[in-house]
Amino acid sequence: MESAITFCNHNSLAFSLSRNPSSSTKHAAATKIASLSSKSPNQLLNCSALSSASLTKKSPVFHVQHNSYGGSVRCSVAESTAATPSEKKSQVRRNDIRNIAIVAHVDHGKTTLVDSMLKQAKVFRDNQFVQERIMDSNDLERERGITILSKNTSIGYKDTKINIIDTPGHSDFGGEVERILNMVEGVLLVVDSVEGPMPQTRFVLKKALEFGLAVVVVVNKVDRPSARSDYVVNSTFELFIELNATDEQCDFQVVYASGIKGKAGLSPDNLADDLGPLFESVIRCIPGPRIEKDGALQMLVTNIEYDEHKGRIAIGRLHAGALERGKDVKVCTSEDTCRYARVSELFVYEKFLRAPVESVEAGDICAVCGIADIQIGETIADKTFGKPLPAIKVEEPTVKMSFSINTSPFVGREGKYVTSRNLRDRLYRELERNLAMRVEDGETSDTFIVSGRGTLHITILIENMRREKYEFMVGPPKVISKRIDDKLYEPFEVATVEVPEEHMGAVVELLGKRRGQMFNMENFGSEGTTILRYKMPTRGLLGLRNAILTASRGTAILNTIFDGYEPWAGDINTRDQGSLVAFEDGTSTTYALASSQERGKMFIAPGVEVYKGQIIGIHQRPGDLSLNVCKKKAATNVRSNKEVTVVLDTPIDYSLDDCIEYIQEDELVEVTPLSIRMCKNPKLAKKGR
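Residues numbered from 1 in each chain as written. Predicted model: local features only at pLDDT ≥ 70, side-chain atom pairs only at ≥ 80, totals over all residues. Heavy atoms only, no water.

(A) Geometry of unusual backbone geometry. Non-glycine residue Asn244 carries a positive phi angle of around 60°. With respect to the helices and strands, Asn244 occurs in the loop between α8 (229–242) and α9 (247–250). The exposure class of Asn244 is partly exposed, given its relative accessible area of 42%. With a phi angle near 65°, Asp486 is a residue other than glycine that sits in the positive phi range. Here Asp486 is to be found in the loop between β29 (482–484) and β30 (487–500). Classification of Asp486 by relative accessible area gives exposed; the value is 73%. (Helix = DSSP H or I, 4+ residues; strand = E, 2+ residues; numbered from the N terminus. Buried < 20%, exposed > 50% of the residue type's maximum accessible area, 1.4 Å probe, protein only.)

(B) Region of interest: the sheet that holds strand β36 (residues 600–602). Spatially, the four strands line up as an open sheet ordered β36-β38-β34-β39, and their pairing is mixed. The open sheet is flanked by β36 and β39 (625–627), the only strands paired with a single partner. Within the sheet, the average angular offset between the axes of one strand and its neighbour, ignoring direction, is 30°. Here strand β34 (residues 579–582) pairs with strand β38 (residues 615–619) via three bridges, running antiparallel. By the bridge assignment for β38, Leu580 is matched with Gly617. (Pairing = 2+ DSSP bridges. Axes fitted to C-alpha atoms, helices over the stretch in contact; angles between N-to-C directions.)

(C) How the structure looks around the sheet that holds strand β20 (residues 353–356). In space, the eight strands of this open sheet follow the order β18-β17-β23-β14-β15-β22-β19-β20, with antiparallel pairing throughout. Two strands close off the open sheet at either side, each with one partner strand: β18 (338–342) and β20. Mean inter-strand twist for the sheet, computed between neighbouring axes without regard to direction, equals 40°. With four bridges joining them, strand β19 (residues 345–350) and strand β22 (residues 365–369) adopt antiparallel strand pairing. Considered in β22, the bridge of Glu345 is made with Cys369.

(D) Region of the structure containing the environment of Glu490. Tracing the backbone through its elements, the reader meets Glu490 in strand β30. Taking relative accessible area as the criterion, Glu490 reaches 0% and is therefore assigned buried. If near-sequence neighbours (up to four positions away) are discounted, Glu490 is found in contact with Val479, Pro537, Arg539, Gly564, Tyr565, Glu566, Pro567, Trp568 and Ala569. In this structure the side chain of Glu490 is engaged in a polar contact, spanning 2.6 Å, whose partner is the side chain of Arg539. (Contact = heavy atoms within 4.5 Å. Polar contact = N/O pair within 3.5 Å; in protein donor to acceptor, adjacent residues only side chain to side chain.)

(E) Summary view of the packing of aromatic side chains. Inspection of every chain in the model, using the stated rule, returns nine aromatic pairs. The interplanar angle of 90° and the centroid separation of 5.1 Å between the aromatic rings of Phe410 and Tyr611 together place this pair among those described as edge-to-face. Residue Phe410 is located in the loop between β24 (399–405) and α11 (420–430), and its partner Tyr611 is located in the loop between β37 (609–610) and β38; the two are separated by 201 residues in the primary sequence. Residue Phe410 is classed as buried on the basis of its relative accessible area, which comes to 7%. Seen from their ring centres, Phe562 and Tyr565 are 5.9 Å apart, and the 70° between their planes marks the pair as edge-to-face. Here Tyr565 falls in the partly exposed class, since its relative accessible area comes to 21%. Seen from the ring of Tyr565, Lys482 lies directly overhead, with NZ or CZ sitting 4.4 Å from the centre. (Phe/Tyr/Trp six-rings, centres within 6.5 Å; stacked < 30°, edge-to-face > 60°. Lys NZ or Arg CZ within 6 Å of the ring centre and 35° of its normal.)

(F) Inspection of the nonpolar core at higher detail. Grouped together as the largest cluster of nonpolar side chains are 42 residues, with contacts concentrated most on Val187, Leu189, Leu205, Val215, Val217, Val219 and Phe240. Per element, the largest residue contribution to this core is six residues, and it comes from α8. Those residues in contact with Val215 that lie beyond four places of it in its chain are Val187, Leu189, Leu205, Leu209, Phe240, Phe252 and Gln253. One finds Ile616, Ile618, Leu625 and Cys659 within the second-largest nonpolar core, a separate group that totals 37 residues. (Core = buried A, V, L, I, M, F, W, Y, C linked by side-chain atoms within 4.5 Å.)

(G) Layout of α11. For α11, the complete set of buried residues consists of Asn422, Leu423, Arg426, Leu427 and Glu430. The arc enclosing the buried residues of α11, seen along the axis, measures out at 120°, which places them on a common side. In this structure, the buried side of α11 is in contact with β24, β25 (438–441), β26 (447–452), α12 (455–467) and β27 (472–474). (Arc of directions from axis to C-beta.)

(H) Spatial organisation of the pairing of β19. Bridging between β19 and β20 involves four bridges; their strand directions are antiparallel. Note on β20: the bridge partner recorded for Glu350 is Leu353.

(I) Examining the state of the cysteines more closely. This model, assessed by the stated rule, comprises one disulfide. The side chain of Cys332 participates in a disulfide bridge whose partner is Cys338; the two sulfur atoms lie 2.3 Å from each other. One quick way to see it: the torsion about the S-S bond of Cys332 and Cys338 is about 115°, and its sign makes the bridge right-handed. Take Cys338: its relative accessible area is 32%, and that puts it in the partly exposed class. (Disulfide = S-S within 2.5 Å.)

(J) Seen up close, the environment of Asp115. As for its position among the elements, Asp115 is in helix α4 (residues 110–120). Spatially, the C-alpha atoms of Asp115 and Gly259 are 8.1 Å apart, while their sequence positions differ by 144 residues.

Written out as C-alpha cells, the structure reads:
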C-alpha cells in the first residue's frame, strides 16, 4: 500500500502515507491503529505486532522505480512462498516470467480490465474485431455477465512474459479461485472505487495471503463521479490487518485505473494514457517463480479442459525440472498410487491462444495432452525420481439439492437424455473438473444428492445440463448441517445489502424475520445508498434475493459470503404464501384463467399445456389451492347481445434461479431443454384445500 510501516511496538503503530492523502484519510487510519493498540499484546496482528527483536534486524528492502507516470512503484520484496535455507540453495528465480491471477468481487470490472490489458499488449491485430469481455467465452457467462470458469492467457511486456489467469468473482465459485492460486506468485486485487472491499474481496484475499502471495491492489473505476479512492485504500489496508497479513504484504502497491478506458496511474488524479503503471507494478512487485531448474520433473494439475480431437488437457505450472513432448512420465495422487503415461502434445499460452512447443521449463504454465485419465490435483512427475506435490484442498460445500429423473406426464418430449444412467454419468463427470462439488447416491436408484458452495454453484450446473439436452427434476436447496459434541450446527454467511434509504425499513424487517443479526451499517456515495451487513443462517438466504428485490422495488443488491458453522438458529419461515396447483391435465383457457387470477398471481398464459399437480401460480394466502385452468365456457344456442372482453394479468416469468428459490419441501422443479416447470412432489403430496 502507500503506507509504509516506520515504527511499531505493542502499544503504538505509526505509519506514513507517501502521497499525503487528505486529513480524513489519515484520521481514519489512525483511528483504526488506535483501536488495535488498545488490545493486549497477544491479540495484536502480524502487521502491528513487531517485537523489539525484529526491529533490530535488517529492515525490509524496497525497490523504488521512478518513471514518467508522475509517481514511483514502491513495494517490498516479499517471498511468495516460504522456503527452507536448504531449499533456497537449490532454487532460483526466473525473472523473465510473471504468473498472476486477477481476483475481485463480482462486477468490480475485472474482466473489462483484462480486455484492456490484452488490447494494449497488442494481442490482437489493429483491424481485428474484438467483442467485449473477451475472457468470458462461455455462453452462460456472457448471458449472466459473470465469470464462472477460470481461464488462462498471456501477454508480453518489455522482455517479460506475464501469464494472466482470470478468476470468477462470485463466492459460489470459490473452488475455482482456491486451486488457481496454486499456479501463481501474486494477485491483482481489483476493488471498486466506490464500493470498496466486498465479501468476495475478503474471501479471495484471505486465500491469497494464506498462500503467501504478493498482492497489488488495483482501485478500479476511479472515473466514477462518486469515487472515494482514499476511503477504499484505507478499507483495504484494514482488511489486510484483519486477515493477519505479514509486514511485507501490508506494504502493498496501489494502482488506480479505469478498466473501460484502459488507463492507470499511481494517483487517482493523474492517470497515464495507457496501463503502463499497472504493467510496471506487476513487474516490480510480483516476484518471478521460484524453481528447481535441475530438479526432478514436478507439475501439479490445477485445471482440466476437453478437446474433441485431443481429449483431456491438463493445465498447471511446472514446479521443477523440464517437460518435453513425447516424454514418459509418472502420474501420482500420492506416494503409493502412481501410474505411467506419455505426453503426446505440449502447449504454452501465447497471447490468446495455445501454442505448441517441444519443451517447457519450470516456472511456466502449460497444457499437457495424452493422459486420458488425468484428474485435477494429481502430479505429473519424473518417471524415475518424481514425487507427488501436496494435493489441492478446497472448502467443504454448504448446500445440497436432489436430482432425479423426470416423472411428469411430459417426460421425453424435449430432452434427449432422460434415464437415470444418463443422469448419473453426467453428474459424476462434473466431479472431474469441479473440485468444490460433491455427488452421492440418494435414497432411490434414480435420485442423486448434489452438494455445492451455494445455490448459484448448483444452478449453473443445471443450466449447462439443460443446454446439453438433459431432462430431470431437482428438489429445493437444503443446508448441510453438522453435529459437534451432540449439538446441531449449521452454516452461517455474511450478507451485504446495498439499498436506497427509502427502502431500508422494509429490507431490515425482512432480514430480521430470517434470523439475521446486523453488525454494521454505513452510508456511502451521493446517491443516498446505505450498506447493511448481516450475519445470518444460510437457510435464511434461500429465496431471499427475490424477496429483497420485491421489498426494495428492484433497487437492492445482495452479496453473501460463507462465514462458518454456528449453533442451529431455530425455525425460519421463508415463504408465507401457498401455491396454485393444476386440477387436471389439459390446455389452459382464457375463460378459466380469468376467474383463477382472482386467487393469486399466475405463472401461465392461455393455450399452455398443463398436467395435474403442476404449480401454475402463487396463492394469495397460506396453503395450496387446486384450480381447473382448463375449463371451457359452456357453448349454448342462445346468442349473446355483446361480446364480453376478458382482461388477463401478465403472467409472472420465473427463471431457473427464481424457481429454485421459490419451491418448498414438497415441491420440485422440472428442467427440460425448452421449459422450466414447477410441480408438487407426488411422493410428498399434501392434501390441497
